[in-house]
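# Observations on the model geometry
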Amino acid sequence: MGFTREDFPPGFLFGAATSAYQIEGTRHGGAGICEWDTFAATPGNVVNAEDGSRGCDHYHRWPEDLDLMRDAGLDAYRFSISWSRVMPEGRGRVNAAGLDFYDRLLDGMVERGLSPWATLYHWELPAALADLGGWRNRDIADWFADYVDVVMRRLGDRIDGAAPINEPWCVAWLSHFIGQHAPGLRDIRATARAMHHVLLGHGRAIQAMRALGQTNLGAVMNLEFAQPADDGPEAAAAARTYDAIYNRWFLGGVLERRYPEEALAGLGPHMPKGWEQDLDLIAAPLDWIGINYYTRKLIAPAPGPWPALREVPGPLPRTDMGWEIYPDGIRHFLKRVNALVPAGTRIYVTENGMAASEPREDLSRIGYLRDHLAALRRAMAEGARLDGYFTWSLLDNYEWSLGYGKRFGLVHVDFDTMERTPKASWHALRAALTPAG
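Each value, and the rule that gives it
- Residues numbered from 1 in each chain as written.
- Predicted model: local features only at pLDDT ≥ 70, side-chain atom pairs only at ≥ 80, totals over all residues.
- Heavy atoms only, no water.
- Axes fitted to C-alpha atoms, helices over the stretch in contact; angles between N-to-C directions.
- Helix = DSSP H or I, 4+ residues; strand = E, 2+ residues; numbered from the N terminus.
- Left-handed = near helix turned anticlockwise from the far one by under 90°.
- Contact = heavy atoms within 4.5 Å.
- Nonpolar A, V, L, I, M, F, W, Y, C, P; charged D, E, K, R; others polar.
- Bend = angle between axes of the 7 residues up to and from the residue.
- Buried < 20%, exposed > 50% of the residue type's maximum accessible area, 1.4 Å probe, protein only.
- Core = buried A, V, L, I, M, F, W, Y, C linked by side-chain atoms within 4.5 Å.
- Salt bridge = Lys/Arg side-chain N within 4 Å of Asp/Glu carboxyl O.

### Considerations on the packing of helix 7 (residues 140–155) against helix 9 (residues 188–211)
For the pair helix 7 and helix 9, interaxial distance at closest approach is 8 Å and the crossing angle is 35°. The two elements helix 7 and helix 9 meet at a crossing, and its hand is right-handed. Contact with helix 7, carried on its side by Ile 140, Ala 141, Asp 142, Phe 144, Ala 145, Val 148 and Met 152, involves His 197, Leu 200, Gly 201, Arg 204, Ala 205, Ala 208 and Met 209 of helix 9 and no other residues of that element. Considering only residue class, the contact of helix 7 with helix 9 consists of 10 nonpolar, two polar and two charged.

What follows is the structure, encoded as structure tokens:
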């Protein structure tokens, strides 16, 4: 891997991340229908119409999976809690079996010395709330806060770190403007509302957790490095717009109480009335910020209405997702986020990894992790703060609209037998994290 624990500060966390819908399997334990179930059941939305009903059967195999994390020398597990498992209709009735499952899971982490880091929403919106407009409906912020309250009253005593929502760009833009994720819309008015309400939901959830005395609360942003495709002013403007939509909207809302003008140029006419009055709640103080980083994009201008941009292929090596491998982008974002946060705010890389087809000897993944961690170490040597690193993902799993074909795991999963087999990257990480002697 090119590093050891001693290359990082004392107390630096190493962990792995997963999400509930991608690994648990929704057939068991009384989980309700979520919008990903209905999205996948619609022809053409998901490869082979696959859904999360089987996942990796983590619902039953969680002890084995926690053992794999412990045995790899990891310190922390970033997992998610399924809204539709805890509250099958999104409101009202609480599924006792769902909370019992997370009780067992948390106790298992504690027993193995793994620090639990919870995400309260990783895209399993209960279908009953999707019927009411989902993230287009302002009321979702209160529904979400009520669910968070239920979860934290039962589980919060063992959760070391929590973030309300994973990757708000995916929840809002990818799902409502591009239509690639559930609910699969392509509507600018729906997008504008989702872009705001997802941050309002974040703010209300932070407020609810603070009221319960919960500490170590953060936000997890997926950030993507945007570069102009050429040296012209039109490409530079297009890249700024892309950066505004993807990165500055969410960082700006949470850390600066404002949205970028390049994004408001298109979304502004469609925003919900009075949105400006929500910014103080959205920007409530946080204890940490999480960065999810995978790739860069080259951006060119395009004809047509706002945002009038397009992605163009770049020359760098690519992962199985078709994403360019650009380690310096993670260094850029670590320094950028350091410049935005108040003094004392902790910063974590909460996801970083690659899809690779090699089933066992995944040398490309070892190289990817090595090069990104080296870029982070350069940023730290230049004065940037970093408190921990979580790789995506522990297990091969359900990759949303791409089904089960893209493998991000340190551990290979045979989806017919559910057998787990650690890959070369798991062994390399264990060797890096295990003290000599």
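### Concerning the environment of Phe 333
Its location among the elements puts Phe 333 in helix 13 (residues 328–340). Separated by 58 residues in the primary sequence, Phe 333 and Trp 275 place their C-alpha atoms 27 Å from one another.

### Considering helix 3 (residues 58–71)
For an α-helix the count is 3.6 residues per turn, leaving residues at separations of three or four pointing the same way. Largest kink in helix 3: about 35°, centred on Glu 64. His 58, Tyr 59, Trp 62, Asp 65, Leu 66, Leu 68 and Met 69 are the residues of helix 3 that are buried. Positive phi appears at Gly 73, one or two residues downstream of helix 3, with a value of about 85°.

### What about the nonpolar core?
Membership of the largest hydrophobic core comes to 143 residues, with the highest contact counts inside it found for Trp 36, Ile 81, Trp 83, Leu 120, Tyr 147 and Trp 249. Here the element with the most residues in this core is helix 10 (residues 233–256); it accounts for 11 residues. Dropping the residues within four chain positions of it, Tyr 147 is found in contact with Ile 81, Ser 82, Trp 83, Val 86, Met 87 and Leu 120.

### As for the pattern of salt bridges
All told, the structure shown has 36 salt bridges when counted by the stated rule. Measuring nitrogen to oxygen at the nearest pair gives 2.7 Å for the salt bridge that ties Asp 67 to Arg 112. With Asp 67 in helix 3 and Arg 112 in the loop between helix 5 (96–111) and strand 3 (115–121), the pair connects residues that are 45 residues apart, well separated along the chain. Taking the relative accessible area as the measure of exposure, Arg 112 reaches 18% and is therefore buried. With a shortest N-O distance of 2.8 Å, Lys 423 and Asp 396 are connected by a salt bridge. Residue Lys 423 is found in the loop between strand 11 (420–422) and helix 15 (424–433), and its partner Asp 396 is found in the loop between strand 9 (388–392) and strand 10 (411–413); the two are separated by 27 residues along the sequence. Asp 396 matches Lys 423 in its accessibility class, with the two residues each being buried. One salt-bridge network, in which partners are shared between bridges, spans Asp 100, Asp 103, Asp 107, Arg 154, Asp 157 and Arg 158.

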